Amino acid sequence: MTRAAIVPSMIVCLASVAISASCQEASDGAPRGVTFVEGGRYGNAPTFQVALGDLDGDGDLDAVFANMHAESEVWLNDGSGRFTDSGQRLGAEAHGVGIGDLDGDGDVDLLITRASSAAPSSAYFNDGSGRFTPSGGDLGDRREAGSFVSLFDLEGDGDLDAAVYYARRYEIVYVNDGTGQFTALSPAISGMASWGDLDGDGDVDAVVQRFEGGYLTLRNTGEGVFTEAGSIDGSVEFGPPGSATLGDIDNDGDLDFVDADGGLSPETPLTILRNDGTGSLALVAEPRFLTSLGRIALGDFNGDGALDVLIHWHERPDPVGLNDGAGGFIDSGVRLGNGDWEGVSALGDLDGDGDLDIFVARYGGGGPNTVWLNQANVSLHEPR
């Protein structure tokens, strides 16, 4: 048996060399179109992940850059989607960053993983104003290379626990004692997991991508104790962190699983495991929306109440797929970026206009990271 965590949805895309990218509504009954405009470029380091949270308590989303080969950075939002470097530096060789209240004092803290065996994953506590100091403890994983971190309440005790996916293709869950100090649980999860309540009983289950291929479902029997609930064969290759996620794509009230990793081939159908509401998943393919080696994010970009999809393709511009209203995806024709090597990017309302924007992490080339502002609720002719 093992234990599990909830992974917040992430979004990955590439910054476009153009000023905007848009999709017009094709015809009656087609999904509503989507448009993005560039809102700013920030940083000059290889950023593996951008994470968002209200760090300074002013009601807007700020950003943390988890940087490799440079110190990680904190950038503060002025409320309009424009960011300023706070000047804080939080250690180098970062790969993943989780944002949440780790010590129970009501503000959001940071847990940063290190993609190096020379430094452990470590927590930083917030003083309430967006200033961070080391917690004085770490995860004790100095000999590992942490690729991704998730924060969640494993046991329902009101504090945030953590799960870290490591480069050796397994995941370890860490229990928080309520003060931001963590203890590792065993055994490790073999493979890379996406976490959420699959069977609707209020606790956290998991879908695991197995290195040898296919998927394994883990069902929570209570307080984070898991049993194997089923296995599903699949032909897609084992992907990078962020290549799969959970979301209710067919609006039936349960969590489905979507995998965007098609290997190096650019003509692999998007893989969907559709949930019947009990946690039993059935494999379906979406041939209208092809993918390749990539990361994925789900979010309602066009405001129609259905989850759309954005995929970071390896060395190719990134496609946006629009939900057809029944849990399938239609290629919108929108392409963001020029094929640069991107990291794990973040999705949220950056400018306070009520729609979902994108903060792109640029890993290759040493930055910059780029804000893309969604125009679903803003006139394209309105000056910013």
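This one's a predicted model, so the numbers in the text were calculated from it and none came from an experiment. (Residues numbered from 1 in each chain as written. Predicted model: local features only at pLDDT ≥ 70, side-chain atom pairs only at ≥ 80, totals over all residues. Heavy atoms only, no water.)

### Regarding the overall build of the protein chain
Secondary structure summary: the protein chain contains 0 helices and 30 strands in total. Residues counted as buried form 57% of the 384 residues belonging to the protein chain. For the protein chain, long-range pairs separated by at least 24 residues make up 47% of all intrachain contacts whose partners lie at least 6 apart in sequence. (Helix = DSSP H or I, 4+ residues; strand = E, 2+ residues; numbered from the N terminus. Buried < 20%, exposed > 50% of the residue type's maximum accessible area, 1.4 Å probe, protein only. Contact = heavy atoms within 4.5 Å.)

### Considering unusual backbone geometry
Look at the link from Ser-186 to Pro-187: it is a cis peptide, with omega at 0°. In this fold, Pro-187 is placed in the loop between β14 (182-184) and β15 (189-190). Omega for the peptide link from Gly-367 to Pro-368 comes to 0°, which places this bond in the cis form. If you trace the backbone, Pro-368 turns up in the loop between β29 (357-360) and β30 (369-374). Backbone geometry at Glu-93 places phi at a positive 60°, although glycine is not the residue there. Relative to the helices and strands, Glu-93 is located in the loop between β6 (83-89) and β7 (94-100). Looking at Glu-93, the relative accessible area reads 24%, which means it is partly exposed.

### Observations concerning the sheet that holds strand β22 (residues 268-275)
Pairing is antiparallel across the open sheet formed by 4 strands, whose spatial order is β20-β21-β22-β23. The open sheet is flanked by β20 (244-247) and β23 (281-291), the only strands paired with a single partner. Taken over all neighbouring pairs, the strand axes of this sheet differ in orientation by 25° on average, direction set aside. Across 8 bridges, the pairing between β22 and β23 is antiparallel. (Pairing = 2+ DSSP bridges. Axes fitted to C-alpha atoms, helices over the stretch in contact; angles between N-to-C directions.)

### Concerning the pattern of salt bridges
Any two side chains of opposite charge can pair, on the condition that their charged atoms come close. A complete count under the given rule lists 8 salt bridges for this structure. A salt bridge links Asp-199 to Arg-219, with the shortest nitrogen-to-oxygen separation between them at 3.6 Å. In this pair, Asp-199 is assigned in the loop between β16 (192-196) and β17 (205-209) and Arg-219 in strand β18 (residues 215-222), connecting sequence segments 20 residues apart. Through salt bridges with shared partners, one network takes in Glu-286, Arg-288 and Asp-324. (Salt bridge = Lys/Arg side-chain N within 4 Å of Asp/Glu carboxyl O.)

### So, the packing of aromatic side chains
Taken as a whole and assessed by the stated rule, the structure comprises 11 aromatic pairs. Three or more aromatic residues joined by ring pairs make a cluster, and in this case those are Tyr-42, Phe-65, Trp-75, Phe-83 and Phe-359. (Phe/Tyr/Trp six-rings, centres within 6.5 Å; stacked < 30°, edge-to-face > 60°.)

### Looking at empty space enclosed by the protein
One pass over the full model with this rule turns up 2 cavities of 30 Å³ or more. There is about 50 Å³ of room inside the largest cavity. Its residues assigned to classes, the lining of the largest cavity shows 3 nonpolar, 3 polar and 3 charged. Here the second largest cavity is characterised by a volume of approximately 40 Å³. Around the second largest cavity, the lining residues are Leu-111, Ser-122, Ala-123, Ser-135, Gly-137, Asp-138, Leu-139, Gly-180, Gln-181 and Phe-182. The greatest single-element share of the lining of the second largest cavity, amounting to 3 residues, is contributed by strand β10 (residues 132-138). (1 Å grid on protein atoms, 1.4 Å probe; cavity = no way out; pocket = protein on both sides within 12 Å on 5 of 7 lines; lining within 4 Å. Points joined across faces, edges and corners; volume = space filled by probe spheres on them. Nonpolar A, V, L, I, M, F, W, Y, C, P; charged D, E, K, R; others polar.)

### Details of the sheet that holds strand β8 (residues 109-114)
Read across the open sheet, the 4 strands follow the order β7-β8-β9-β10; overall the sheet is antiparallel. Since the sheet does not close on itself, it has two edges, and those belong to β7 and β10, each with one partner. The sheet shows a mean angle of 25° between the axes of neighbouring strands, direction not considered. Here β8 runs beside strand β9 (residues 122-126); their pairing, made up of 3 bridges, is antiparallel. If you follow Leu-111 over to β9, its bridge partner there is Ala-123.

### Looking at the side chain of Arg-114
Secondary-structure assignment places Arg-114 in strand β8. Of the side chains with opposite charge, Glu-71 lies nearest to the buried Arg-114, which makes no salt bridge, at 6.7 Å. At 3.1 Å, the side chain of Arg-114 forms a polar contact with the backbone oxygen of Ala-92. (Lys, Arg positive; Asp, Glu negative; His and termini not counted. Polar contact = N/O pair within 3.5 Å; in protein donor to acceptor, adjacent residues only side chain to side chain.)

### Some thoughts on the side chain of Ser-72
Its location among the elements puts Ser-72 in the loop between β4 (62-67) and β5 (73-77). Overall, the relative accessible area of 0% leaves Ser-72 in the buried class. At 3.4 Å, the side chain of Ser-72 and the backbone oxygen of Phe-65 are in polar contact. Only 3.2 Å separates the side chain of Ser-72 from the backbone nitrogen of Asn-67, close enough to count as a polar contact.

### Describing the pairing of strand β27 (residues 329-336)
Two elements, strand β26 (residues 318-323) and β27, share 5 bridges in a ladder whose sense is antiparallel. The residue of β27 that forms the bridge with Gly-321 is Asp-331. Between β26 and β27, which pair antiparallel and follow one another directly, the connecting turn spans 5 residues, one of which, Gly-325, has a positive phi of 95°.

### As for the environment of Ser-86
By the secondary structure assignment, Ser-86 is in strand β6. Excluding residues within four positions of it along the chain, Ser-86 makes contact with Val-74, Leu-76 and Arg-131. Within the structure, Ser-86 has its side chain in polar contact with the side chain of Gln-88 (distance 3.2 Å).

### Observations concerning the environment of Arg-114
You can call Arg-114 buried: its relative accessible area is 4%. Taking the C-alpha atoms as reference points, Arg-114 and His-95, 19 residues apart in sequence, are found 5.7 Å from one another. One polar contact links Arg-114 to Tyr-124, side chain to side chain, over a distance of 2.8 Å.

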